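Residues per chain, in single letters:
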Amino acid sequence: MFASISGPRRPSPPRAARHARRLAVLATAAAALAATGLAVAATPSSAAACNGYVGLTFDDGPTGSTNALLSVLRANNVRATMFNVGQNVQGNPSAARAQVDAGMWVANHSWNHAHMTSMNQSQMQSDLSQTNSAIQSATGVRPQLFRPPYGETNSTLQSVAASLGLRQVIWDVDSQDWNGASVSQIVSNAGRLQDGQVILMHDGIQNTRDAIPQIMANLNSRGLCPGMISPSTGRAVAPDGTPPPTTAPPTGSPTTPPPGGGCTATATFPNVWGDRYNTSVTVQGASNWTVVVAVTAPQRVSTTWNGTASWDSTGYVMTMRSNGSGNTFGFTTMMNGNSSARPQIRSCTAG
Ligand SMILES: [Zn+2]
């Protein structure tokens, strides 16, 4: 819960000026799309009216009111980044999953909101990796961003985070919602956001939820759209091409692997329930193999077996490697409203 882990926070330190370039952002997004091949539908937040992107972030969740926050965000076509506390995720994994299902990005905000600069290197490592595991276990998504509690950091913490594949992200604008700011004060603070910048807000605060419609009206009037935070730059950029749940296009069920690659993977769907289904994939032609599988948003893989899974940054493309459990692996996919799509096998590689 927010109350159990909140404490005095400090305003952000001055940040160096930075330079988001819209053309570069668009080129990066296009390259990412070409690389993943994911189908993309036009969305309100990626309309041509966007002159730039800002990162809306909500810390300290999930909380007892995460669902209320997600409802407001969805109603306002907002995709945001949720800096989750590991023990909150462990205590409420379904709320963390709901964040992802609602199109949010999930990120690491430490295990229990400690003052991490007083930890030694191995304590930092343990704290962040435990949090990554809890988030990945609950959501199927591996975090790529980390925000230290209270914005307190040092070079050791940054290098530990980097070693775990986490980009540190502080903030440019502090909404002051943690400090009792009124709705109008939160709206006013958000009004300072410029292209590429990131604002600090929190899960579990009523005034924050109430401010979102006005924050969005202000951003829209300035041609700014909610974006994702780039794991490579820490700046807000266009969403990565992963379609939000409401705009996911249905697909057929192509399960024929592309030719070549040294092995063949064939998918069947032995169990289909109302909200989820199982996929069983049998590999022929290799005993050590790597199979790449893509699922269609808003579907999400919730469980895997008989292989070692890893994920790309979108969370929709899974790479499964043999782990000595034989040549048939499986996974459960949550439909999340799309009951027709089935996973696509991208490749099967021997060795
Ligand atoms: Zn926090």
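What counts and how
Residues numbered from 1 in each chain as written. Predicted model: local features only at pLDDT ≥ 70, side-chain atom pairs only at ≥ 80, totals over all residues. Heavy atoms only, no water. Buried < 20%, exposed > 50% of the residue type's maximum accessible area, 1.4 Å probe, protein only. Helix = DSSP H or I, 4+ residues; strand = E, 2+ residues; numbered from the N terminus. Pairing = 2+ DSSP bridges. Right-handed = clockwise from strand over helix to strand, strands pointing away. Arc of directions from axis to C-beta. Salt bridge = Lys/Arg side-chain N within 4 Å of Asp/Glu carboxyl O. Phe/Tyr/Trp six-rings, centres within 6.5 Å; stacked < 30°, edge-to-face > 60°. Core = buried A, V, L, I, M, F, W, Y, C linked by side-chain atoms within 4.5 Å. Contact = heavy atoms within 4.5 Å. Axes fitted to C-alpha atoms, helices over the stretch in contact; angles between N-to-C directions. Parallel < 35°, antiparallel > 145°, perpendicular 65-115°, else oblique. Nonpolar A, V, L, I, M, F, W, Y, C, P; charged D, E, K, R; others polar. pLDDT = per-residue confidence, 0-100. Disulfide = S-S within 2.5 Å.

(A) Focus on the pairing of strand 7 (residues 198-202). Counting buried positions along strand 7 yields five of five residues, so the element is predominantly enclosed. The sheet contact formed by strand 1 (residues 52-61) and strand 7 spans five bridges and is parallel. The residue bridging D59 from the neighbouring strand is H202, located in strand 7. One ladder, built from two bridges, connects strand 6 (residues 173-174) with strand 7; its direction is parallel. Its bridge partner being in strand 7, V173 is matched across the sheet by I199. Taken together, strand 6, helix 8 (residues 183-190) and strand 7 form a β-α-β motif whose crossover is right-handed.

(B) Inspection of helix 3 (residues 66-75) at higher detail. Turning to helix 3, its buried residues are T66, L69, L70 and L73. Buried residues of helix 3 fall within an arc of 100° about the axis and therefore sit on the same side. With its phi angle positive at about 55°, N77 sits one or two positions after the end of helix 3.

(C) Molecular detail of the pattern of salt bridges. Applying the stated criterion to the full structure yields two salt bridges. Of the charged contacts, one joins D59 and R147 as a salt bridge, the two residues approaching to 2.8 Å between their closest N and O atoms. Taken together, the positions of D59 in strand 1 and R147 in the loop between strand 4 (145-146) and helix 7 (155-163) put the pair 88 residues apart, joining distant regions of the chain. Exposure remark for D59: the relative accessible area of 1% places this residue in the buried category. Under the relative-accessibility criterion, R147 is labelled buried at 0%. In this structure, R235 engages D172 in a salt bridge whose closest nitrogen and oxygen atoms are separated by 2.7 Å.

(D) Highlighting the packing of aromatic side chains. Within this structure, the stated rule accounts for two aromatic pairs. Both rings, one in W289 and one in F329, keep their centres 5.3 Å apart while their planes meet at 25°; by these two values the pair is stacked. Of this pair, W289 sits in strand 13 (residues 289-294) while F329 sits in strand 17 (residues 328-334), and the two are 40 residues apart along the sequence. On the numbers, 6.4 Å between centres and 20° between planes, the contact of F329 with F331 is stacked. F331 matches F329 in its accessibility class, with the two residues each being buried. The structure contains a cluster of three or more aromatic residues connected by ring pairs, namely W289, F329 and F331.

(E) Seen up close, the nonpolar core. With 25 residues, the main nonpolar core has L56, F58, L73, A80, M82, I215 and L219 as its most contacted residues. Every element with two or more residues in this core is listed here: strand 1, helix 3, helix 8, strand 7 and helix 9 (206-221). Per element, the largest residue contribution to this core is five residues, and it comes from helix 9. Setting aside residues no more than four positions away along its own chain, M82 makes contact with F58, L69, L70, L73, Q99, M104, W105, V106 and A107. Ranked by size, the runner-up nonpolar core spans 20 residues in total, among them C263, A265, A286 and V301.

(F) How the structure looks around the sheet that holds strand 16 (residues 317-321). If you trace the four strands from one edge of the open sheet to the other, you get 15-16-13-18, paired in antiparallel fashion. This sheet does not close on itself; its edge strands, each paired only once, are strand 15 (308-311) and strand 18 (344-350). Across the sheet, the mean angle separating the axes of adjacent strands is 20° when strand polarity is ignored. Alignment of strand 15 against strand 16, held across four bridges, turns out to be antiparallel. The residue bridging A309 from the neighbouring strand is M320, located in strand 16.

(G) Structural detail: helix 5 (residues 93-101). Buried within helix 5 we find A95, A96, R97, Q99 and V100. Positive phi appears at G103, one or two residues downstream of helix 5, with a value of about 90°.

(H) Representation of the packing of helix 3 against helix 5 within the structure. In contact at an axis separation of 10 Å, helix 3 and helix 5 are set at 5° when each is read in the N-to-C sense. Considered as vectors, helix 3 and helix 5 are oriented roughly parallel to each other. In contact with T66, N67, L70 and R74 of helix 3, helix 5 contributes A95, A98, Q99 and D101. The residue inventory of the contact of helix 3 with helix 5, partitioned by class, reads three nonpolar, three polar and two charged.

(I) Molecular detail of the confidence of the model for the chain. Here the chain averages 82 in pLDDT, and 79% of its residues register 70 or above. Below pLDDT 50 for its whole length, residues 1-48 participates in 72 contacts with residues either more than four positions away or in separate chains.

(J) Focus on the state of the cysteines. All told, the structure shown has one disulfide when counted by the stated rule. Two residues share a disulfide in this structure: C50 and C225, whose sulfurs sit 1.9 Å from each other. Negative torsions about the S-S bond denote left-handed disulfides, and the value of about -95° found for C50 with C225 makes this one left-handed. In this pair, C50 sits in the loop between helix 2 (22-36) and strand 1 while C225 sits in strand 8 (residues 224-226), placing the two residues 175 residues apart along the sequence. Taking relative accessible area as the criterion, C50 reaches 1% and is therefore assigned buried. C225 gets classed as buried once you look at its relative accessible area, which sits at 8%.

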